[in-house]
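Structural description and commentary
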Amino acid sequence: MKDVFIAPSRSESFNYSVLEALNAGNPCLVSDIPGHEHYLEAKAVFNFKLTEPAEFAAELLNAMTTNPNTQKTQEFLNRYQSSGVCLKYSNLAQKL
């Protein structure tokens, strides 16, 4: 079993903590909200619905025992390596 970063946000614009956790090589479990859509679309994280405790438990176990798709995660992270991209999302988040 391994450590898992959990982001159970109810509302989020762009969660930098998830980006940092992925960059550190940690599997991430995030709530299924619009602010996490970048991660979900890239299939770089595990996800759950906030209203489904059983789904959370199952996905947490999955995140702890399954090897994440490192190729998809790395492809996703490569899009955010430049400071210009991070600055763009930071400015976007401040406007929301």
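For the structure itself, consult the block above.
A quick note: this is a predicted structure, and the numbers were derived from the prediction, not measured.

This next bit is on the side chain of Ser31. Note that Ser31 resides in strand E2 (residues 28-31). What Ser31 contacts, discounting residues up to four positions off in sequence, is Ala7, Pro8, Ser9, His36, Phe48 and Leu50.

Tallying each qualifying case throughout the model produces 2 aromatic pairs. Consider the rings of Tyr39 and Phe76, whose centres lie 5.2 Å apart with planes at 55 degrees: the pair is tilted. One end of the pair, Tyr39, is in helix H2 (residues 37-41); the other, Phe76, is in helix H4 (residues 70-78), and 37 residues separate them in sequence. The same class applies to Tyr39 and to Phe76, which are both buried. On the basis of an interplanar angle of 70 degrees and a centroid distance of 4.9 Å, the ring pair of Phe48 and Phe56 is categorised as edge-to-face. Looking at Phe48, the relative accessible area reads 4%, which means it is buried.

This part covers the sheet that holds E2. Spatial strand order, E1-E2-E3: 3 strands in an open sheet with parallel pairing. Edge positions in the sheet fall to strand E1 (5-7) and strand E3 (46-48), since each of these pairs with one other strand and no more. Strand after strand, the sheet turns through a mean of 20 degrees between neighbouring axes, direction not considered. Both E1 and E2 contribute to a ladder of 3 bridges, which runs parallel. In the strand pairing of E2, Ala7 is matched with Val30. The strands that helix H3 (residues 53-65) touches are E1, E2 and E3; relative to E3, the one it contacts most, it runs at about 170 degrees.

Conventions used here
Residues numbered from 1 in each chain as written. Predicted model: local features only at pLDDT ≥ 70, side-chain atom pairs only at ≥ 80, totals over all residues. Heavy atoms only, no water. Helix = DSSP H or I, 4+ residues; strand = E, 2+ residues; numbered from the N terminus. Contact = heavy atoms within 4.5 Å. Phe/Tyr/Trp six-rings, centres within 6.5 Å; stacked < 30°, edge-to-face > 60°. Buried < 20%, exposed > 50% of the residue type's maximum accessible area, 1.4 Å probe, protein only. Pairing = 2+ DSSP bridges. Axes fitted to C-alpha atoms, helices over the stretch in contact; angles between N-to-C directions.

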